[in-house]
Amino acid sequence: MSQLIRCRKCDEVFMRTPFDQYPLYSNDQDHPIEKFQFIEKDDFKDFLNLHQGHPLERLDIIEDSFVSEKAYFEPVKTSFFKATNGKEKFVVKKFRERIDEPVKYQLIFGDYSLKCATIEIQSEEITKQLKREIFPPPSQTQIDAFLKLYQHMVNEKSSHPLKVYYKLDDFHLMYLLRNCHNIFKGSDYSRMEEFIHRHRDDGVLLLKASFKIQITERIKGEEKALFPVSNLKEEKVAIKK
Ligand SMILES: [Zn+2]
């Protein structure tokens, strides 16, 4: 189990993982092997030396709070998670600027939320699937018109790394179906209607949304009033691709 240690004076944090510790086995008969001690790797010793006499506390990492701007297997990235000492909530920034650098942790007073940045449709997949499933296949003009209609419902901006797929809500489904009457007639429409229903829940019509991590900082010393509105400082985290 990893442990996050905070120095309350300096507001620095240290992440202890089981890999930071070497087991020390005892040959002493009076102290059997199960009672082995752990000795810390130098990093944690350095942290303890640096913060000697300062009040230290353990922070609990809040489960499922981890967000990252890149996939988890990317070595150079910035991630955030939430931690608490039972009274206050913090954001911990985990980052590394170069692949050969150790991971660093930075304590931020505040919270974060995810803000939807863009929504895209899966144009290529929809085109492919329309040609494969509908016979006779819709004309390119019809396909283009359909994609244009679908995209019109959502707005397209530059893409961001935190992606989530979600399905169209009922309101927009009705809008899409109603407007498809302008593109497809008769049996063409019926086939298109079936296609839409088939792909809405778990198919190519799923919408691709991307999120931006938005950090809300608060000023230290305002612990009693959590996130007072007057002290809120909003900072948008620039996400580099
Ligand atoms: Zn300290």
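For the structure itself, look to the data block above.
Residues numbered from 1 in each chain as written. Predicted model: local features only at pLDDT ≥ 70, side-chain atom pairs only at ≥ 80, totals over all residues.

Take the overall build of the protein chain next. Within the protein chain one finds 5 helices and 12 strands. Going through the 241 residues of the protein chain one by one, you find that 12% of them count as buried. Residue pairs at least 24 apart in sequence account for 57% of intrachain contacts in the protein chain once pairs closer than 6 positions are excluded. (Helix = DSSP H or I, 4+ residues; strand = E, 2+ residues; numbered from the N terminus. Buried ≥ 20, exposed ≤ 12 C-beta atoms within 10 Å, placed from the backbone. Contact = placed C-beta atoms within 7 Å.)

Burial within strand β7 (residues 78-84) is extensive, with 5 of its 7 residues counted as buried. As judged from the 2 bridges shared by strand β5 (residues 56-61) and β7, these two strands associate in the antiparallel manner. Residue Asp 60 lies in a different strand from β7, and its bridge partner there is Thr 84. Of the strand pairs in this sheet, strand β6 (residues 67-68) and β7 are connected by 2 bridges, and their pairing is antiparallel. Across the sheet, residue Ser 68 finds its bridge partner in β7, namely Ser 79. Taken together, β7 and the strand that follows it, strand β8 (residues 89-95), pair antiparallel across an intervening segment of 4 residues, in which Gly 86 is found at a positive phi of about 100°. (Pairing = 2+ DSSP bridges.)

With that settled, consider the nonpolar core. If you look at the biggest cluster of nonpolar residues, it comprises 12 residues: Leu 4, Val 13, Leu 59, Phe 80, Phe 81, Ala 83, Phe 90, Val 91, Val 92, Phe 109, Tyr 112 and Ile 213. Elements that contribute at least two residues to this core include exactly β7, β8 and β9 (104-120). Sequence-distant contacts of Phe 109, defined by excluding residues within four places in its chain, comprise Phe 90, Glu 217, Arg 218, Ile 219 and Lys 220. Residues Leu 130, Phe 146, Tyr 150 and Phe 195 belong to the second largest nonpolar core, which totals 8 residues. (Core = buried A, V, L, I, M, F, W, Y, C linked by C-beta atoms within 7 Å.)

This brings us to the packing of helix α3 (residues 140-153) against helix α4 (residues 170-180). One can describe the packing of α3 onto α4 by two numbers: an axis separation of 11 Å at closest approach and a directional angle of 150°. The orientation of α3 with respect to α4, classified from their angle, is roughly antiparallel. For the crossing formed where α3 meets α4, the hand is right-handed. Here Phe 146, Leu 149, Tyr 150 and Met 153 of α3 lie close against α4, whose contacting residues are His 172, Tyr 175, Leu 176, Asn 179 and Cys 180. Looking at the contact of α3 with α4 residue by residue, the class counts come to 7 nonpolar, 2 polar and no charged. (Axes fitted to C-alpha atoms, helices over the stretch in contact; angles between N-to-C directions. Parallel < 35°, antiparallel > 145°, perpendicular 65-115°, else oblique. Left-handed = near helix turned anticlockwise from the far one by under 90°. Nonpolar A, V, L, I, M, F, W, Y, C, P; charged D, E, K, R; others polar.)

What follows deals with the environment of Lys 77. Counting through the fold element by element, Lys 77 comes out in the loop between β6 and β7. By C-beta crowding, Lys 77 is classed as partly exposed, having 18 other C-beta atoms within 10 Å.

In this section: unusual backbone geometry. Cis geometry is found at the peptide bond from Phe 135 to Pro 136, where omega equals -5°. For Asp 11, which is not glycine, the phi torsion reads 55° and is therefore positive.

Turning to helix α5 (residues 186-200), a few remarks are in order. Taking 1.5 Å as the rise per residue, α5 with 15 residues should run 21 Å; its terminal C-alpha atoms sit 21 Å apart, in good agreement. Here α5 has its buried residues at Met 192, Phe 195 and His 199. For α5, the arc enclosing every buried residue in end-on projection is 55°, short of the 170-degree limit, so these residues lie on one face. Of the residues in α5, the exposed ones pointing more than 90 degrees away from the buried face are Gly 186, Ser 187, Ser 190 and Glu 194. Buried-residue contacts for α5 involve α2 (123-133) and α4. (Expected span 1.5 Å × (residues − 1). Arc of directions from axis to C-beta.)

Let's shift gears to the packing of α4 against α5. One way to put it is that α4 packs onto α5 with a least axis distance of 10 Å and a crossing angle of 160°. Judged on the interaxial angle alone, α5 and α4 are roughly antiparallel. The crossing of α4 and α5 is right-handed. Of α5, the residues touching α4 (which contributes Leu 173, Leu 176, Leu 177 and Cys 180) are Tyr 189, Met 192, Glu 193, Ile 196 and Arg 200. Residues belonging to the contact of α4 with α5 are distributed by class as follows: 7 nonpolar, no polar and 2 charged.

Across 7 bridges, β7 lies against β8 in antiparallel orientation. In the strand pairing of β8, Ser 79 is matched with Lys 94. Bridge count between β8 and β9: 6 bridges; the pairing is antiparallel. Its bridge partner being in β9, Phe 90 is matched across the sheet by Phe 109.

The next point concerns the environment of Gln 122. Mapped onto the elements, Gln 122 comes out in the loop between β9 and α2. Since 19 C-beta atoms lie within 10 Å of it, Gln 122 is described here as partly exposed. Taking C-alpha positions, Gln 122 is 9.3 Å from Gln 151, a pair spaced 29 residues apart along the chain. With residues near it in sequence (within four places) discarded, Gln 122 still touches Val 204, Leu 206 and Lys 208.

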